[in-house]
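Observations on the model geometry
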Amino acid sequence: MTDNITAGSPASDAPSPADGYVGDPAVRAEWDNRYADRQQLWSGQPNGALVAEVAGLTPGRVLDVGCGEGADAVWLARGGWDVTALEVSGVALERAAGHARDAGLAVRWVHAALTKAVLPPAFFDLVSAQYPALLRTPNAAAERALLAAVAPGGVLLLVHHAGMDTQQAHDSGFDPADYVWPSMVAALLNDDWEVEVDEQRPRVAPDGGAGAHHTDDLVLRARRLR
């Protein structure tokens, strides 16, 4: 982590290359290379499902899982949220921190994999994971980490591209069986949770950026009751 998020002192700068990244170095390298291939990978606009689902929520503490170049984190901070943004790519975090700095906004940046990050349990009023590339494990570590981060009364919002979970493995190396999908998280919800949204819907896609060709979202929104 780049700072102690329980201390309430936001950091506006991204980690340096020697920041003590916590996670698989190969995963970090893969995503660093992907971001380094372009000056801007994503659209720079907040994700449509996030904007729609957050509209009725009172701003509080939010964890942005897989924050990328920071569009969601900046939008949330501008809306009054106390933002902690987590990302495996140092290249992406540097860009995200620059966008926040240009906007005059404070965000806590965490350079780590979700399953390795030291996050306070049951702390966040909103945990947002927009199209995350979370690797699946036999013990459902990523799914459980998402749930564990949500405070009682808080909301988990998980959004993914519809249809990707049923695709065949690609020659490029992408195999949907390697990743976490909303249905896997939903399967872990017990009586401590209330499912508010679990549906496929047309995607409100920002113009440009990788992934713009996807037309439908899977949206899972669940509230932690206790």
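Figured I'd write up the structure that's included with this text. (Residues numbered from 1 in each chain as written. Predicted model: local features only at pLDDT ≥ 70, side-chain atom pairs only at ≥ 80, totals over all residues. Heavy atoms only, no water.)

Here we take up the overall build of the protein chain. Regarding its fold elements, the protein chain presents 6 helices and 7 strands. Put simply, the protein chain runs from its N terminus to its C terminus through helices and strands in the order α-α-β-α-β-α-β-β-α-β-α-β-β. In the protein chain, which comprises 226 residues, the proportion classed as buried is 51%. As displayed, the protein chain offers around 10,500 Å² of accessible surface, 49% of which is attributable to carbon and sulfur atoms. (Helix = DSSP H or I, 4+ residues; strand = E, 2+ residues; numbered from the N terminus. Buried < 20%, exposed > 50% of the residue type's maximum accessible area, 1.4 Å probe, protein only. Areas by Shrake-Rupley, 256 points an atom, 1.4 Å probe, with all protein chains shown as cover.)

Attention now goes to the environment of R28. With respect to the helices and strands, R28 occurs in helix 1 (residues 25–36). Residues R28 and H111, 83 residues apart in the sequence, show an inter-C-alpha distance of 9.6 Å.

Right, let's talk about unusual backbone geometry for a bit. Of note, the phi angle at A122 is positive, near 50 degrees, even though the residue is not glycine. Tracing the backbone shows A122 in the loop between strand 3 (108–111) and strand 4 (124–130). Classification of A122 as partly exposed rests on a relative accessible area of 30%. The phi angle at Y131 is positive, at roughly 55 degrees, despite the residue not being glycine. Topologically, Y131 is positioned in the loop between strand 4 and helix 5 (141–148).

Looking now at the packing of helix 1 against helix 4 (residues 90–103). As a packed pair, helix 1 and helix 4 sit with axes 7 Å apart at the nearest point and diverge in direction by 55 degrees. The angle between helix 1 and helix 4 falls in the class oblique. Across the interface between the two elements, R28, D32, Y35 and A36 of helix 1 pack against G90, V91, A92 and R95 of helix 4. Of the residues belonging to the contact of helix 1 with helix 4, the class tally is 4 nonpolar, 1 polar and 3 charged. (Axes fitted to C-alpha atoms, helices over the stretch in contact; angles between N-to-C directions. Parallel < 35°, antiparallel > 145°, perpendicular 65-115°, else oblique. Contact = heavy atoms within 4.5 Å. Nonpolar A, V, L, I, M, F, W, Y, C, P; charged D, E, K, R; others polar.)

Now for the pattern of salt bridges. With the rule as written, the count across this model stands at 10 salt bridges. Between R108 and D82 there is a salt bridge, with its nearest N and O atoms 2.3 Å apart. A residue pair is termed long-range when its members are at least 10 positions apart, and R108 in strand 3 and D82 in strand 2 (residues 82–87) qualify at 26 residues. Note on D82: relative accessible area 29%, which makes it partly exposed. One continuous salt-bridge network, built from bridges that share partners, spans E53, E196, E199, R201, R221 and R223. (Salt bridge = Lys/Arg side-chain N within 4 Å of Asp/Glu carboxyl O.)

Here the distance between the centres and the angle between the planes together describe a pair of aromatic rings. For the structure on display, the rule yields 2 aromatic pairs. Ring centres of W31 and Y35 lie 6.2 Å apart, and the angle between their planes is 40 degrees; on these two criteria the pair is classed as tilted. Of the two residues, W31 and Y35 are both situated in helix 1; the distance of 4 residues between them amounts to about one turn of the helix. The residues W31 and Y35 share a single accessibility class, namely buried. Ring centres of F123 and F124 lie 5.0 Å apart, and the angle between their planes is 90 degrees; this geometry places the pair in the edge-to-face category. Per residue, the accessibility class of F123 equals that of F124, and both read buried. (Phe/Tyr/Trp six-rings, centres within 6.5 Å; stacked < 30°, edge-to-face > 60°.)

Read from one edge to the other, the open sheet built from 7 strands follows the order 3-2-1-4-5-7-6, with strand pairing classed as mixed. In the strand order of this sheet, the two ends are held by strand 3 and strand 6 (193–202), each with one partner. Sheet twist, expressed as the mean angle between neighbouring strand axes with direction ignored, is 15 degrees. Here strand 6 pairs with strand 7 (residues 216–224) via 9 bridges, running antiparallel. Note that in strand 7 the partner of P202 across the bridge is D216. Most of the contacts of helix 3 (residues 71–78) go to strand 2, to which it runs at about 175 degrees, and overall it touches strand 1 (61–65), strand 2, strand 3 and strand 4. (Pairing = 2+ DSSP bridges.)

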